[in-house]
Every structure is written in C-alpha cells, then in structure tokens.
Amino acid sequence: MKAINSVKRYRAVTDSRARLGQVMTPSLLADAVVRLLGVRGGSWLELGSGSGRLAEAVRNGADPQSYVGVELEPAMIGCCHSWPGFRYLQQDVLAIGSLAKALERQAFDRVIGNPPYGMQGISVEAKARLQSLCPELDLQGSWAPVDLYFVLESLSRLKSDGVAAFIVGADIPCGLQSMPFRRMLLEAASEVECYELPQFAFGRAYAEVQAYVLIARYGRGALRHVTLGRMDEEFSLSALRKVDPARATESMGLRRYEFQEMDEALRRTSDGITLKDLGVSIVRGGRTRSQFAQLGIQHFHTSDFPKSGTEITLEGVSGAGFQQATVGDILLPRVGTRCLERKAVVVEGQSPFSEAVFRLRAPAKHQERLVRWMTSGECASWRSAAARGSCAKHLTVSTLLGMPVPA
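Counting from 1, residues in each chain are numbered in the order their sequence is written. Per-residue local features of the predicted model are confined to residues with pLDDT of at least 70, and side-chain atom pairs are confined, for both listing and counting, to 80 or more; whole-chain, interface and lining totals are unaffected and use all residues. The basis for the side-chain values is all heavy atoms of the structure; hydrogens and waters are excluded.

1. A closer look at the state of the cysteines
Cysteine sulfur atoms are paired as a disulfide whenever they fall within 2.5 Å. One pass over the structure, following the stated rule, counts zero disulfides. Looking at Cys79, it has no disulfide partner, and the nearest cysteine sulfur is the one in Cys80, 6.8 Å off. This cysteine, Cys194, is not joined by any disulfide, and Cys174 carries the nearest cysteine sulfur, 6.3 Å off. Throughout this description, buried means an accessible area under 20% of the type-specific maximum (1.4 Å probe, protein chains only), exposed means over 50%, and partly exposed covers the range between. Under the relative-accessibility criterion, Cys194 is labelled buried at 1%.

What follows is the structure in structure tokens.
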C-alpha cells in the first residue's frame, strides 16, 4: 500500500520526508501475488509501478510477452530493471487525456497493481472518469477513493478474457462505499478471490494496514462462488472458504464470516445474555496519554497491559475530574491491533486510565461470571474479531455491550 500526501504525490518522491508515507511492495508479497494468479505469458499493465517490484515478480514467475508500467516519478522509473519487452511510461494516472494517449487503445491480457489508497481530492475530469467506470458510486465533492480509481482504470484496459490482481486496503473488499464496485465486479467476472494479508505484510517498520489481495478472472462463464482466504506471515494460504456472490457483495472479508459463526455459537451457549443484560457499565478514559503526561499524572495506558496473566496492581492516586480504575474493575484496550486481546483485573490500588482503555464494572452478583468470561481466551478472540478499522483496530461501547456472556 502506498499512502498519498497530495493529488500529485501518490508515489515515492525525491523528498525523503515525503516518502515516509510510501510503502512499496515487499518482494515476497509480490511473488505471492504472481503465484496466486497462476498465469504465464501475455501482455501486462501496471498503473503506478513504483520501483518495479511487481514487474520483477512477473518477469521471474510469469514469463510475460510484454509489460507496461505507468509511473509518475522519474526516480522510481530509474529504479526499475530494463528487460526485453518491459517499458515504463512517466505519466500521471489521474491525467485522463494524457494517460489515454500514452496507452492508446491497447488492451492487456493481465493487469496488476498495488495502488495508493485513501480518499483524496481529484480533478473534475478524474471524478467524471471514475463515475463513468462505476456509475453507482456515491462520490461527495471532489473527494474520491484513489485506490478504487486505479483499480477501475486498470480493469477498463483488460481484455474480456483477462485476469487481474491488486493489493488493496480494506475499503475495496469490505467497505460500504465500495459495495457498488463489488456488485459490478461480481456480475462481470467468472472467478473472484480475496485473500487477507498478514498484519505485518509490509514490514514491521511500517504502520499496520489491513490489506488484501483481490483477484478477478474473466471469460470463463458465470460466477458461482467467491473464494475468500487468509495468508500467513510467509504468504502461504492459511484459511480458505467459499461464499455465494450475494454475501460477497456485502463483504469479501473472511474475518467477517468467521466472526459471525463464532458469535452465533456463543449466543447459543449464553442463552442470548449480553454484557448489557448483566448490567455491566463500560467507561472510556477521558484523557490521552500525552495529556496525562503533560499534567504529570500517573495513569494506566494500553502499553501497561500485562503480556501474560491478568491481575494488576495500580499505583496511581485519586484525582478529581478523571475516570478511575479501582479494585474489582476489568480493563480492556479500546484501540490497538497488537494489544486488543489483552485484559487486566485490578486486585489492588487505583489509577486514572487513558482514553485508549475501557473500564468494565458489573453488579456484585455477576462479578464472578464477568471476570471468568472476560479473562478467557475465547472472549479475547471475540473482541479481536469484532474490532473494526482499516489501520488501528478499535472497539466501541455498543459492540462490547452486545457481547454474549456464556454462563
């Protein structure tokens, strides 16, 4: 995934500070995408080819007849290898007329890409182009999903029996706004696959982004089902299932279906009893970590959750105007993909807690049941699966109050 800083800066640029938001495709991931495609030969197109890592993977694993990469930044084109049949065009993908002139009317056997992502301001012409490619999209003002723009522009240049593969953020396969695109894709393609990438697919040095590999194959008859899966840290498939196109239109995220099954099973064993039914109160801390630091007030934050065990002693002091955690309270992370499964039970002391933490309190008659459930591994899995967000995962009060609690 490549984060974008402005309309004209959606690829790595010469200013090193501007590159901080850019994450090029890791070689192992590029190889995995080509392996999943499982095709050889043919003409290839990549819009936004960056430093050429996908091109290299195609060259090594798919024996292409030709490859065209389109890239805005000359410095990135300079990083690409020169192989027979490979050429790179310095071109802004968002410049409608000049892109059409550069590519002429050529149609390609395969399209591939790791487009930039996020909502960005685009020109009137680019917005009109996006709307023409997917008329049902709901676009507000000059803002539009640039990753979806790259995907649609690529697909528009694909032959009727071609194949496509993209590395995309969660919004395209799972977001509500992209549902018109999913509907259009599923109506046109013969086969669709969507694989969730591991948490650190782009390296541990970069921000966590929930990303997927989306593959579409055309010209093989009507679509019967959609293949969903997950890849492990070695980019090998670790989970697979098939869903019907109607369900895939709503979401192509495997996690959603796994959570639905887990949640349904828990509701049966809990007789439908939830945290709300038990009278549990859930309170979010009222200050950020930095605000507490500026005030010089010791507090409990997500980084303080024990990595093993659950019982903690708090060493803060009582402070008027701050939410307090005290003996008997259960603390849970509100946000943070890496720590969402952690938990803590206060057995001694008291302390304020940050806005990244939830405090749970139950009536005395339900305290034992609540502690037993909230400290279980099954509960941790439920919370992790119920969390939302494309980057840092988070939980809401309403989500937690609806959590089933087995007897």
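2. What to know about the confidence of the model for the protein chain
On a range of 0 to 100, pLDDT expresses the predictor's confidence in each residue. The predicted model of the protein chain averages 90 in pLDDT, with 92% of residues at 70 or higher. Residue contacts are counted whenever heavy atoms from the two residues lie within 4.5 Å of one another. Low pLDDT, under 50, characterises residues 1–22; the stretch is placed with 72 contacts to residues that sit more than four places away or in other chains.

3. With respect to the nonpolar core
Of all hydrophobic cores here, the largest spans 50 residues; its most connected members are Val70, Leu155, Phe181, Leu185, Val192, Leu214 and Met252. Among the elements that take part in this core, helix α6 (residues 146–155) stands out by supplying seven residues, more than any other. When near neighbours in sequence (up to four residues on either side) are disregarded, Leu214 contacts Ala164, Ala165, Phe166, Val168, Ile172, Phe181, Leu185, Val192, Glu193, Cys194 and Met252. Nonpolar core, defined: a set of buried Ala, Val, Leu, Ile, Met, Phe, Trp, Tyr and Cys residues in which side-chain atoms within 4.5 Å join the residues together. In this structure, Leu29, Val33, Val39 and Ile215 belong to the second largest nonpolar core, which totals 33 residues. Comment: elements are numbered from the N terminus, with helices defined as DSSP H or I runs of at least four residues and strands as E runs of at least two.

4. A short note on helix α10 (residues 254–269)
Compared with the 22 Å implied by 1.5 Å per residue over 16 residues, the 23 Å span of α10 between its first and last C-alpha is a close match. Buried within α10 are the following residues: Leu254, Tyr257, Phe259, Asp263 and Leu266. As for α10, its buried residues are in contact with β12 (226–231), β13 (237–243), α9 (245–250), α12 (364–374) and α13 (377–386). Multiplying 1.5 Å by the helix residue count minus one yields the expected span of that helix.

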